[in-house]
Amino acid sequence: MRSRAGGSMAERKRQLVAEELRDAALMLLATRGFDVVTVDDIVAAAGMSRRTFFRYFASKEDVVVRFLADLGADVVAELAARPPAEPPSVALRHALWVPLAACTDHPDHTERARVVVRLILDTPALYARSLEYQIQWRAGLTTELAARHDLDPDADPYPRMAAGMAMLAFDTVLQQWRAGDDEQRLAELTDRAFAVVAPALDGCTASSHAG
């Protein structure tokens, strides 16, 4: 998983500690199961204290929730950075590839990330929280799409529907991610999912501008 650069030395140290706790927690939760792992297990694996854990996270569920929140912020920021003239399907595909690319930034990380994704999808409490964060991702994408295409999201259905289609494509990729899939396979799944929604994403915005 990628770390965020910048900030003071103290901030970077805090970030590194948080990332060590997060990585230890996610690995244990993925391999042993959400209900089995305790905070004591997590701090033992990370070589830290319970006090340190609770300085950064409210609970083991909070580890996953914060992970999802960070990914969503990266997605919206990536969409904002895409070239203004880029077709919406291409810009959204690149934006939503960010969290997937972060999962495959090292060969050893890919399968671990897939297991964490399965943990979220297969644990009702975590999946419910992930859906809450996907709603936030969708809202951020809606706002950015409206700004990119000079549309009023309260009057024009395109930004909200386009964001929803992009999130559906993303969720489909996660659902179809199988053991042994490498970065190339994950990219192929992403391309196929966005190829399905591209006509609507690109055609509707062209119609909006024409009108």
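Residues numbered from 1 in each chain as written. Predicted model: local features only at pLDDT ≥ 70, side-chain atom pairs only at ≥ 80, totals over all residues. Heavy atoms only, no water.

Peer 1: Residue-level account of helix α1 (residues 9–32), with values.
Peer 2: For α1, with 24 residues, the first-to-last C-alpha span of 34 Å sits near the 34 Å given by 1.5 Å per residue. Taken as a whole, α1 has its buried residues at Gln15, Val17, Ala18, Glu19, Leu21, Arg22, Ala24, Ala25, Leu26, Leu28, Leu29 and Ala30. With its phi angle positive at about 110 degrees, Gly33 sits one or two positions after the end of α1. (Helix = DSSP H or I, 4+ residues; strand = E, 2+ residues; numbered from the N terminus. Expected span 1.5 Å × (residues − 1). Buried < 20%, exposed > 50% of the residue type's maximum accessible area, 1.4 Å probe, protein only.)

Peer 1: An account of the nonpolar core is needed here, citing residue identities and associated values.
Peer 2: Formed by 63 residues in total, the largest nonpolar core has its most connected members in Leu21, Phe53, Leu92, Leu96, Trp137 and Phe194. Dropping the residues within four chain positions of it, Leu21 is found in contact with Ile42, Ala46, Met48, Thr52, Phe53, Tyr56 and Phe57. (Core = buried A, V, L, I, M, F, W, Y, C linked by side-chain atoms within 4.5 Å. Contact = heavy atoms within 4.5 Å.)

Peer 1: I'd love a proper account of the packing of α1 against helix α4 (residues 60–81), names of residues and values included.
Peer 2: Axis angle and axis distance: for two packed helices, these are the angle between their axes and the distance between the axes, and together they describe the pair. Orientation of α1 relative to α4, taken along the N-to-C sense of each, is 110 degrees, at an axis distance of 10 Å. One way to sum up the angle between α1 and α4 is to call them roughly perpendicular. Between α1, through Arg22, Ala25, Leu26 and Leu29, and α4, the contact on the second element is made entirely by Lys60, Val63, Val64 and Phe67. Residue composition of the contact of α1 with α4, grouped by class: six nonpolar, no polar and two charged. (Axes fitted to C-alpha atoms, helices over the stretch in contact; angles between N-to-C directions. Parallel < 35°, antiparallel > 145°, perpendicular 65-115°, else oblique. Nonpolar A, V, L, I, M, F, W, Y, C, P; charged D, E, K, R; others polar.)

Peer 1: How would you summarise the packing of helix α5 (residues 88–103) against helix α8 (residues 158–176) if you had to cite specific residues and measurements?
Peer 2: At a closest axis distance of 10 Å, the pairing of α5 and α8 adopts a crossing angle of 45 degrees. In terms of their interaxial angle, α5 and α8 are classed as oblique. Our pair here, α5 against α8, has a crossing hand that is right-handed. Packed against α5, whose contacting residues are Pro88, Leu92, Leu96, Pro99 and Leu100, the element α8 presents Tyr158, Ala162, Ala166, Met167, Phe170, Val173 and Leu174 at the interface. Residues that form the contact of α5 with α8 fall into these classes: twelve nonpolar, no polar and no charged. (Left-handed = near helix turned anticlockwise from the far one by under 90°.)

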